[in-house]
Amino acid sequence: MAAFAQPALLSGWVRLVPPVVKDTAAYFTLENPGNAALRLVGAETPVAQRVSLHRDQREVRGGQVVLGMRPLPYVDIPPRSKVEFRPGKYHLMLEGLKRPLKAGEKVELTLRFADGTRLKVSLPVEMR
Ligand SMILES: [Cu+2]
């Protein structure tokens, strides 16, 4: 039996944006098969300057629903459960794209957890 279980990325994608747009978002489902909580604290990718954890947020301002997002210091994945990064909830913000991404290409991301675990994944760029 393993001393600890590794987090697993079940499926995911990166949003295709027009070439003039310098930020995009990555979405995925992250599973924690272990008995201890996992804390996702950040990520890196060769295609962007920075990667931040964001949560989508809707608020009512002056009677109007405004869609926004705000940065999070971390996202916890409870033991034996999954957390969905999807539109309307969490995403990874890829900020300052170094080049335009193409539909169908794979983007490498390294997810960093508070306990030092790193998870390297590769997500397809999709138009959705
Ligand atoms: Cu964002």
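## Focus on the overall build of the protein
Looking only at helices and strands, the protein features 0 helices and 10 strands. Its C-alpha atoms give the protein a radius of gyration of 15 Å, near enough to 14 Å, the size a compact globule of 128 residues would have. With respect to the principal axes defined by its C-alpha atoms, the protein has extents near 50 × 40 × 20 Å. Split into buried and exposed, the 128 residues of the protein put 21% on the buried side. Considering only contacts in the protein between residues 6 or more positions apart, those separated by 24 or more positions represent 64%.

## Re the nonpolar core
Residues A26 and L92 are the most contacted members of the largest nonpolar core, which totals 21 residues. Counting residues per element, the ones that place at least two in this core are β2 (23-32), β3 (38-44), β4 (48-61), β8 (90-97), β9 (106-113) and β10 (118-126). The element that contributes the greatest number of residues to this core is β2, accounting for 5 residues. Once residues lying within four places of it in the same chain are set aside, the contact partners of L92 are A25, A26, A43, V51, L53 and F85.

## What to know about unusual backbone geometry
Of note in the backbone geometry, R80 takes a positive phi value of approximately 50° without being a glycine. Relative to the helices and strands, R80 is located in the loop between β6 (75-77) and β7 (81-85).

## Focus on the environment of E31
Inspection of the secondary structure puts E31 in strand β2. Through-space distance from the C-alpha of E31 to that of A8 is 5.1 Å; in sequence the pair is 23 residues apart. Excluding its chain neighbours within four sequence positions, the residues that come into contact with E31 are P7, A8, L10 and K82.

## Describing the pairing of β8
Of the strand pairs in this sheet, β2 and β8 are connected by 4 bridges, and their pairing is antiparallel. Following the sheet pairing, A25 is matched in β8 by M93. Taken together, the 7 bridges between β4 and β8 define a ladder with antiparallel strand orientation. Across the sheet, residue H54 finds its bridge partner in β8, namely H91.

## Quick word on the pairing of β2
Counting buried residues in β2 gives 7 out of 10 residues, a clear majority hidden from the surface. Relative to β2, strand β1 (residues 8-15) runs antiparallel, the two being bridged by 6 bridges. Looking across to β2, one finds that G12 is bridged to F28. The pairing of β2 with β7 spans 5 bridges and is classified as antiparallel. Paired with E31 across the strands is K82, a residue of β7.

## Brief notes about the environment of S11
For S11, the location among the structural elements is in strand β1. Taking the C-beta count within 10 Å as the criterion, S11 has 9 such neighbours and is therefore assigned exposed. When the C-alpha positions of S11 and K89 are compared, they lie 16 Å apart, and in sequence the two are 78 residues distant. If near-sequence neighbours (up to four positions away) are discounted, S11 is found in contact with F28 and T29.

About the criteria used
- Residues numbered from 1 in each chain as written.
- Predicted model: local features only at pLDDT ≥ 70, side-chain atom pairs only at ≥ 80, totals over all residues.
- Helix = DSSP H or I, 4+ residues; strand = E, 2+ residues; numbered from the N terminus.
- Rg over C-alpha atoms; globule rule 2.2 N^0.38 Å.
- Buried ≥ 20, exposed ≤ 12 C-beta atoms within 10 Å, placed from the backbone.
- Contact = placed C-beta atoms within 7 Å.
- Core = buried A, V, L, I, M, F, W, Y, C linked by C-beta atoms within 7 Å.
- Pairing = 2+ DSSP bridges.

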